[in-house]
Amino acid sequence: MAASLIPFRAPARRRLHEDVADQLRDAILDGRFPAGTKLPPERELAIEFRVNRTSVREAIKVLEGLGLVTVRQGDGATVRPLVEASLEILGPMIFHGGRIDLALVAEMAEVMRPLLLEMGRLAIERCRPEDLATIRRFRDVAADETLEREERYAAIHELFVLLADMARNRVWQILARRIRALFRQEPLRAARQRLRRDPGRFVPLIDTCLAALAAGRKRVAIANLQQLIGLLGDFSDVALEPSKRQQPKGASR
């Protein structure tokens, strides 16, 4: 085996190539394969993972689809800079290897807030009476403490999709659904579990928005929406589960 090859574990779940892809992806995200370097040859990776070369080849195709590597016939797979990767890589970047990158969460919120605020402003300007009933339905799910926390978060995510539908703008509708898919990624589900944030913290602001909309006070509703969106990425009072706190980069695992 090449001296530079990193020890991996044998895949043990789902289809083999997906597990191999996840491990290689995390190795890239951790900087073990820096941008511009090549992944080990398929033969060496197959031996390391104890799988056949077909599984390794399929795993590398997954990485290529995520924009993490460039594959050239006869030249292997070369790691690309992370900034050139697909949006789908954000979830694993935020949470992998048992660590949460709160700085990246803040960066994502910095981008998302103005986008969601503009989408919400249009939604409020174009709101129809029947939209209020749908907002209340999702609001009630988010407020129901008898439900699983992830089910309540899903209602918050659906609210953002509803805002795009209320805006009656197809580009916003497409974008909102991509954002929802991002929030539903397994790494982000795991991160929410570790952060232990209560989705009910959004409910009072949803209520004030609803009251303002029902009264026809759209400017007040927009101001309340701005406060709601401001909660995204705010972890000033965060408390991680004691046994699973964020590890600094470079810490042993």
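The structure presented is a predicted model; accordingly, all values stated were derived computationally and were not measured.

The rules behind the values
Residues numbered from 1 in each chain as written. Predicted model: local features only at pLDDT ≥ 70, side-chain atom pairs only at ≥ 80, totals over all residues. Heavy atoms only, no water. Helix = DSSP H or I, 4+ residues; strand = E, 2+ residues; numbered from the N terminus. Buried < 20%, exposed > 50% of the residue type's maximum accessible area, 1.4 Å probe, protein only. Contact = heavy atoms within 4.5 Å. Areas by Shrake-Rupley, 256 points an atom, 1.4 Å probe, with all protein chains shown as cover. Core = buried A, V, L, I, M, F, W, Y, C linked by side-chain atoms within 4.5 Å. 1 Å grid on protein atoms, 1.4 Å probe; cavity = no way out; pocket = protein on both sides within 12 Å on 5 of 7 lines; lining within 4 Å. Points joined across faces, edges and corners; volume = space filled by probe spheres on them. Nonpolar A, V, L, I, M, F, W, Y, C, P; charged D, E, K, R; others polar.

Undergrad: Looking at this structure, how should I read the overall build of the protein chain?
TA: Each helix and strand in the protein chain was counted, giving 11 helices and four strands. Of all 253 residues assigned to the protein chain, the portion counted as buried reaches 43%. The contacts in the protein chain between residues at least 6 apart in sequence include a share of 68% that link residues at least 24 apart. Accessible surface, the protein chain: about 13,600 Å² in total, of which carbon and sulfur atoms supply 52%.

Undergrad: Before we go on, may I ask you to explain the environment of G120 in this structure?
TA: Assignment of secondary structure puts G120 in helix α5 (residues 102-125). Residues G120 and L225, 105 residues apart in the sequence, show an inter-C-alpha distance of 7.2 Å. Once residues within four sequence positions are removed from consideration, G120 is found in contact with L163 and L225.

Undergrad: I keep staring at the nonpolar core and nothing clicks. Help me out?
TA: Proteins that are soluble and globular tend to have nonpolar side chains buried together. Judged by nonpolar contacts, the single largest core of 46 residues is most densely connected at L116, I135, F160 and I206. Elements represented by at least two residues in this core include exactly α4 (90-94), α5, α6 (129-143), α7 (149-167), α8 (170-183), α10 (203-214) and α11 (218-230). Excluding its chain neighbours within four sequence positions, the residues that come into contact with L116 are F160, I179, I229 and L232. One finds V56, L68, V69 and A85 within the second-largest nonpolar core, a separate group that totals 24 residues.

Undergrad: I would appreciate a short explanation of empty space enclosed by the protein in the present structure.
TA: Empty space among the atoms can be located by rolling a probe the size of a water molecule over them. Enumeration according to the criterion identifies two cavities of 30 Å³ or more in this entry. By volume, the second largest cavity is sized at about 210 Å³. In terms of lining residues, the second largest cavity is bounded by 15 residues, among which I135, L159, L163, L225 and L228 are the most central. Going through the elements one at a time, α7, α10 and α11 are the ones with two or more residues in the lining of the second largest cavity. Ranked by the residues each element gives to the lining of the second largest cavity, the list is headed by α7, at six residues. In the lining of the second largest cavity, the residues fall into 15 nonpolar, no polar and no charged.

On their own, these measurements won't tell you what the molecule is for.
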